[in-house]
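# Overview (structure and organization)
Below are the chains, spelled out letter by letter.
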Amino acid sequence: MASLSEAPASAHLAYVALGANLADPVAQIRAAGAALAELPDSRLLRLSSLYRTAPVGIRGQPDFINAVAALETRLDPEPLLDALFAVERRFGRHREFRHAPRTLDLDLLLYDQRVLDSERLSLPHPRMHLRAFVIAPLLEIAPLCRIPGRGVAAAWLPAVSGQAIEKLGS
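Our subject in this report is the structure included herewith. Everything quoted here is computed from the prediction, not taken from an experiment. (Residues numbered from 1 in each chain as written. Predicted model: local features only at pLDDT ≥ 70, side-chain atom pairs only at ≥ 80, totals over all residues. Heavy atoms only, no water.)

## Examining the overall build of the protein
Helix and strand counts for the protein come out as 4 helices and 10 strands. Going residue by residue from the N terminus, the α and β elements of the protein occur as β-α-β-β-β-α-β-β-β-α-β-β-α-β. Counting over 170 residues, the protein shows a buried share of 46%. Look at the contacts in the protein between residues 6 or more apart in sequence, and 70% of them connect residues 24 or more apart. Accessible area of the protein: about 8400 Å², with a carbon and sulfur share of 53%. (Helix = DSSP H or I, 4+ residues; strand = E, 2+ residues; numbered from the N terminus. Buried < 20%, exposed > 50% of the residue type's maximum accessible area, 1.4 Å probe, protein only. Contact = heavy atoms within 4.5 Å. Areas by Shrake-Rupley, 256 points an atom, 1.4 Å probe, with all protein chains shown as cover.)

Dropping the structure here:
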């Protein structure tokens, strides 16, 4: 596991959504969890169970396997995003079109309670509260999690209750 310095004041808590629906997605998500544990200046705190969900946005593609990871990191949000994109590329991710099938998708959901809206990054992730594949695994590892500007994450469970999701285990 990548190491953090002993200065806790500089460490931040980030949550990352993991998703894959190509090339043995269960194995992809498990391997991606291991890759997150190796990010520079970061430490993997928890990885949720795996969840199977139907694709959002485009029909006729395989189901997704999803999870959420909690990271302690000294990286600022945009360098952390760059590190996540580098992991995606190592796993063969190509961004061909919106909602395309993928070998790995890593989305930075939350970074402390920071609110950010830049060309490259929006925090919190703008649709996280509307996706069962994010809310269910997030609440598994952080049941008291708050989403800046949206309140307690658990309050969004009714909004996603109609979305099919199946817990597969860890």
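## Considering the side chain of R131
Here R131 lies in the loop between β7 (122-123) and α3 (132-141). At 8.1 Å, D107 is the nearest oppositely charged side chain to R131, a buried residue that forms no salt bridge. Not counting chain neighbours up to four residues away, the residues in contact with R131 comprise V56, V160 and Q163. (Lys, Arg positive; Asp, Glu negative; His and termini not counted. Salt bridge = Lys/Arg side-chain N within 4 Å of Asp/Glu carboxyl O.)

## What about α3?
Of all the 10 residues making up α3, 7 are buried; the element is thus mostly covered by neighbouring parts of the structure. Those residues of α3 that fall on the buried side of the exposure criterion are A132, V134, I135, P137, L138, L139 and I141.

## Comments concerning the environment of A54
For A54, the position within the fold is in the loop between β3 (50-53) and β4 (64-73). On the basis of relative accessibility, which here comes to 42%, the residue A54 falls in the partly exposed class. Linking A54 and E166, residues 112 residues apart in sequence, is a C-alpha distance of 9.7 Å.

## Notes on the pattern of salt bridges
A full pass over the atoms with the stated rule returns 5 salt bridges. The partner of E166 in a salt bridge is R52, and the shortest N-O contact between them spans 3.6 Å. Pair noted here: E166 is in strand β10 (residues 165-169) and R52 is in strand β3, with a separation of 114 residues, a long-range link. Between E78 and R120 there is a salt bridge, and its shortest N-O distance comes to 3.3 Å. With E78 in helix α2 (residues 77-90) and R120 in the loop between β6 (116-117) and β7, this pair connects stretches of sequence that are 42 residues apart. Judged by its relative accessible area of 39%, R120 is partly exposed. Overlapping salt bridges bring together E78, D82 and R120 as one network.

## Thoughts on the pairing of strand β1 (residues 12-20)
Consecutive side chains along a regular strand alternate between the two faces of the sheet. Summarising burial for β1: 8 of the 9 residues are buried, a large majority. Here β1 runs beside strand β5 (residues 105-111); their pairing, made up of 6 bridges, is antiparallel. Residue pairing across strands places Y15 opposite L110, the latter belonging to β5. (Pairing = 2+ DSSP bridges.)

## Side note on unusual backbone geometry
A cis geometry characterises the amide bond from L123 onward to P124, with omega recorded as -5°. Within the secondary structure, P124 is located in the loop between β7 and α3.

## Quick look at the environment of V152
Along the chain, the position of V152 falls in strand β9 (residues 151-152). Distance from V152 to H129, taken between C-alpha atoms, is 9.9 Å for residues 23 residues apart in sequence. Apart from residues no more than four positions distant in its own chain, V152 is found in contact with C145 and R146.

## Here's the deal with the side chain of N66
Take N66: it is sitting in strand β4. Judged by its relative accessible area of 5%, N66 is buried. A polar contact is formed between the side chain of N66 and the side chain of T53, at a distance of 2.7 Å. Those residues in contact with N66 that sit more than four places away from it in its chain are L18, G19, S49, L50, Y51, T53 and F133. (Polar contact = N/O pair within 3.5 Å; in protein donor to acceptor, adjacent residues only side chain to side chain.)

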